[in-house]
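Read off the chains here:
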Amino acid sequence: MVKTNNSASASVAQKDDYPGRAYFIRHGESTSNERNIFAGVLDVDLTAFGRLQARRAGADIKKKGIKFDAVYVSHMRRARQTCEIALAESQALKSPDIPVEIDHRISEKSFGIFAGRNLNLLRLALGYEGFEEMLHSHNEAPPAGEKIAQVYGRAASFYEERIVPHLQRGETVLVVCHQYVLEPLALYLSDLPPTAYEHLKLPNGKALSGEELIKFRDKESGGAASVRKQINDLSIMWAILLYAAAFLLGCLVRAISASSVGIPSELFRAIVVACLAASTFYTYLDIDFAASKRKVTSTVKYIVYAWMLVRWVVGLLLIFSGILYQNPGDLYKVMWVLFWMVPPALTSPVLSVLWGGNLYPSAILSRTLSIIAPVALIVTFGLAKQLPINSSSLIFFGVILIVGLAIPGALAQVWRDKSPVESNHHSKNWKFIGVLAVALMALATGFQFTPSTFLGDLFFSTDATRSLACLQQLAVATLVFILMRIFAVLTSVFTKGKLIKAEARDAYILLVNPNFFLWAALFLGVSATANPEAVKYAIFWAALGFFCIPLVEQILFMNSFGNELLRETLRSSRMATEDVRKLFQQLDTDGSNALDKDEIMELLGRIEDMTTGERSSEDVRRYVTDYLFATLDSDKNGTVDLAELEEYVSTYGLVANLNVVSAAASPVER
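Reading the values: the criteria
- Residues numbered from 1 in each chain as written.
- Predicted model: local features only at pLDDT ≥ 70, side-chain atom pairs only at ≥ 80, totals over all residues.
- Heavy atoms only, no water.
- Helix = DSSP H or I, 4+ residues; strand = E, 2+ residues; numbered from the N terminus.
- Buried < 20%, exposed > 50% of the residue type's maximum accessible area, 1.4 Å probe, protein only.
- Contact = heavy atoms within 4.5 Å.
- Patch = residues over 30% accessible without salt bridge, like charges linked within 9 Å, V, L, I, M, F, W, Y side chains within 5 Å.
- Areas by Shrake-Rupley, 256 points an atom, 1.4 Å probe, with all protein chains shown as cover.
- Salt bridge = Lys/Arg side-chain N within 4 Å of Asp/Glu carboxyl O.
- Lys, Arg positive; Asp, Glu negative; His and termini not counted.
- Charge placed at Lys NZ, Arg CZ, Asp CG, Glu CD.
- Core = buried A, V, L, I, M, F, W, Y, C linked by side-chain atoms within 4.5 Å.
- Phe/Tyr/Trp six-rings, centres within 6.5 Å; stacked < 30°, edge-to-face > 60°.
- pLDDT = per-residue confidence, 0-100.
- Pairing = 2+ DSSP bridges.
- Axes fitted to C-alpha atoms, helices over the stretch in contact; angles between N-to-C directions.
- Polar contact = N/O pair within 3.5 Å; in protein donor to acceptor, adjacent residues only side chain to side chain.
- Expected span 1.5 Å × (residues − 1).
- Parallel < 35°, antiparallel > 145°, perpendicular 65-115°, else oblique.
- Left-handed = near helix turned anticlockwise from the far one by under 90°.
- Nonpolar A, V, L, I, M, F, W, Y, C, P; charged D, E, K, R; others polar.

(A) Geometry of the overall build of the protein chain. Within the protein chain one finds 29 helices and seven strands. When each of the 670 residues of the protein chain is scored for burial, the buried share is 58%. Taking contacts inside the protein chain between residues at least 6 apart in sequence as the whole, the part at least 24 apart equals 81%.

If you want it as structure tokens, here you go:
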């Protein structure tokens, strides 16, 4: 039922016409939120941080002295876990006998084939406008997914049938569900149609009354908040392009100006440390390091650590054998060997989030190796006294680790623990600050490390020595970067089946993304070399590869992702009544042309295998099966025949998308 009375706002109606009050909670942070992927119908768990948010919601409810006469929750684990934790913390039920009731209509929006996919890759593949239209337009939907208008309808139906009677009796109700349900519901409570929908960044784990939900929608759906959201989304979407463009701009300014003096050394180091600190702070606001350790599998650890060990063994053999270094003019050879030996960049978690990695390996392993490797380098240089490298240059990297990583990372983790709702909401709204900080660092790096004679050396050959060094180091850099990626790709091929796709992506990132600033710090003060131009151009080409090659990789990942998405779209579009009929007949072993509940439950699992690629938990599929029977078993004979199932599929699309239900269907209670 949809309200038609527009003479008074819903907030007034709720407050004045109904003596009761409803409170709404979006579930705490889930594993899909943390990894920047769509969950939708996938039944994911809360993270440790999400549980903390749920406890904080409960504490807030207790502080306000709220007591509930009724509680409704989505059937999905992340919502049920949030509800259970919040109620345990608040002890807010008026009576211990009050049941927590599940209603299917407040389950998360179905994202169809987008379920389990990385948000950033989707934005890149679809384009920003296409992404917004498909995900946030009231009448568009992902392939095999749900429209906002459909969610609006079922949320409104739930509110009128379940919540309003409690409010009329002066009772207080708690509803725990999902972002893409609460946002359309906020529209409904404002007497606005689904055409007015705008995506909000609704905070996780915060109890909002109906009035507060409406105020939040009004505040976030227009003006500065809307502009900030777009800036945030676009900056994250184009982060890799922004970094490459900023670096090249710095190069161009230095080359055109032909300035022989770069940024003062101390100022440049301050810029690098400050920018890394800002990036680290906003990155670590979204990472729970204490819990992430447990999420890194032994397999990915062994693969990354083994490869780094191999690199170190080979590198040490080359350095100490004397094959590489005969005189100071050979220093650049040692430089490129050390480039293989330095740990992964501290920005590896950012690439993981943007490219659909598993996040946890990138965060944990890059940090661990960044602590171990500098110590190993100090020992190496202490033994290799013949190399004109001063290990004291590692002091700068020590400052980066402490000021650029440890302190901002610790501050972010403390804020997460102290204010889980506020810190998470701040991260969602202001993450572009971290992106812009890295772009500024790329700009400064491009200016600092571009030789002032670069254009002449590359195109006009004004000095044969410099031109030879420029082209020589370009060739070596190209070879090094290509070999690093060949070995990383081969590692992914040989470990296929041992790592999940997201973990393989993290392993790739860790193996091809060496810490440029640690490596460059080793050679910034080098003067005892007969070939300073080679050292200068080695640093320049390494910097260019560090900031620009990821853009090429992102284009390749995006194209692969887009092709995969297209294949999945075509496959899902073919998943119509004919395909359901085939599955039905496979399970109809007795030829009765009807399936019982257990057989329907298995049919749902097989459809999930063919669409989302991941089965829901058994209890969720059992619940959905019960719901489907209540909808389809019109003759109440305990079975569903093929005609009933085909009629449903032809009307509502994929059976896997069970959020779209008949308006006449009655919700199942538990």
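Having put the structure on the table, let's press on.
(B) Molecular detail of a positive patch on the surface. Residues Arg51, Arg55, Arg56 and Lys418 make up a contiguous surface patch of positive charge. Sorting elements by how many residues they give to the positive patch places helix α3 (residues 48-64) first, with three residues. Secondary-structure assignment places Arg56 in helix α3.

(C) Examining unusual backbone geometry more closely. The phi torsion at Gln91 lies on the positive side, around 50°, for a residue other than glycine. Relative to the helices and strands, Gln91 is located in the loop between α4 (77-90) and β3 (100-102). A positive phi angle, close to 70°, is found at Leu359, a residue other than glycine. Within the secondary structure, Leu359 sits in the loop between α16 (348-355) and α17 (360-383). Taking the relative accessible area as the measure of exposure, Leu359 reaches 2% and is therefore buried.

(D) Highlighting the nonpolar core. One finds Leu338, Phe516, Trp519 and Phe523 to be the most contacted residues of the largest nonpolar core, which totals 110 residues. The biggest single contributor to this core is helix α25 (residues 532-574), with 13 residues.

(E) Representation of the packing of aromatic side chains within the structure. This structure, assessed with the given rule, holds 32 aromatic pairs. On the numbers, 5.5 Å between centres and 75° between planes, the contact of Trp336 with Phe339 is edge-to-face. Placement of both Trp336 and Phe339 in helix α15 (residues 331-341) is noted, with a separation of three residues, approximately one turn of the helix. In terms of burial, Trp336 and Phe339 fall into one category: buried.

(F) Examining the environment of Phe24 more closely. Counting through the fold element by element, Phe24 comes out in strand β1 (residues 21-26). Along the chain, Phe24 and Tyr72 lie 48 residues apart, while their C-alpha atoms are 9.7 Å from each other. Residues contacting Phe24, with those up to four places away along its chain left out, are Tyr159, Val175, Leu182, Leu185, Leu189, Lys206, Ala207, Leu208, Ser209, Gly210 and Leu213.

(G) Local environment of the confidence of the model for the protein chain. Put simply, the protein chain has an average pLDDT of 84, and 89% of its residues get 70 or more. Here residues 651-670 is a poorly scored stretch, pLDDT under 50, and it has 63 contacts once near neighbours within four places are set aside; other chains count.

(H) Highlighting the sheet that holds strand β2 (residues 70-73). Ordered in space as β3-β2-β4-β1-β5, the five strands form an open sheet in which the pairing is mixed. The open sheet has two edge strands with one neighbour each: β3 and β5 (207-209). With direction set aside, neighbouring strand axes in the sheet form an average angle of 25°. In this structure, β2 lies alongside β3, joined through three bridges in parallel fashion. Among the inter-strand pairings, Tyr72 is bridged to a residue of β3, identified as Glu101. Docked against the sheet, helix α7 (residues 148-168) engages β1, β2, β3 and β4 (172-177), running at close to 165° with respect to β2. Sheet strands in contact with helix α8 (residues 179-189) are β1 and β4, and its direction is about 150° off that of β1.

(I) Quick look at the pattern of salt bridges. Summed over the entire model, instances satisfying the criterion amount to 28 salt bridges. Residue Asp60 pairs with Lys64 through a salt bridge whose shortest N-O separation is 3.3 Å. Pair noted here: Asp60 and Lys64 are both in helix α3, with a separation of four residues, about one helical turn. Residue classification places Asp60 among the partly exposed residues on the basis of a relative accessible area of 24%. Classification of Lys64 by relative accessible area gives partly exposed; the value is 43%. Here Asp218 makes a salt bridge to Arg217, at a shortest N to O gap of 3.0 Å.

(J) Representation of the side chain of Arg505. By the element assignment, Arg505 lies in helix α23 (residues 501-512). Notably, Arg505 is buried but unbridged: the nearest opposite-charge side chain belongs to Glu564, and the N-O separation is 7.0 Å. Side-chain polar atoms of Arg505 contact the backbone oxygen of Trp355, separated by 2.7 Å. Setting aside its immediate chain neighbours within four residues, Arg505 contacts Trp355, Gly356, Gly357 and Phe557.

(K) Here's a closer look at the side chain of Glu220. Structurally, Glu220 can be placed in helix α9 (residues 210-220). You can call Glu220 buried: its relative accessible area is 9%.

(L) Up close: α23. Here α23 is twelve residues long and its end C-alpha atoms lie 17 Å apart, about the 16 Å a rise of 1.5 Å per residue gives. Counting buried positions over the twelve residues of α23 gives eleven, a clear majority of the element. If you check which residues of α23 are buried, you get Ala502, Glu503, Ala504, Arg505, Asp506, Ala507, Tyr508, Ile509, Leu510, Leu511 and Val512.

(M) Representation of the packing of α17 against helix α18 (residues 394-418) in the model. Two elements in contact, α17 and α18, have axes separated by 11 Å at closest approach and are oriented at 160°. When the interaxial angle is binned, α17 and α18 end up roughly antiparallel. Judged by the sense of rotation from one axis to the other, the crossing of α17 with α18 is left-handed. Between α17 and α18, the contacting residues are Arg367, Ser370, Pro374, Leu377 and Ile378 on the first element and Leu394, Phe397, Leu401 and Leu405 on the second. A per-class count over the contact of α17 with α18 returns seven nonpolar, one polar and one charged.

(N) Here's a closer look at the pairing of β4. Where burial is concerned, most of β4 is hidden: six out of the six residues are buried. Of the two faces of β4, the one holding Thr172, Leu174 and Val176 and the one holding Val173, Val175 and Cys177 are both buried throughout. In this structure, β1 lies alongside β4, joined through six bridges in parallel fashion. Of the residues in β4, the one forming a bridge with Arg26 is Cys177. Where β2 lies against β4, four bridges are found, and the strand directions are parallel.

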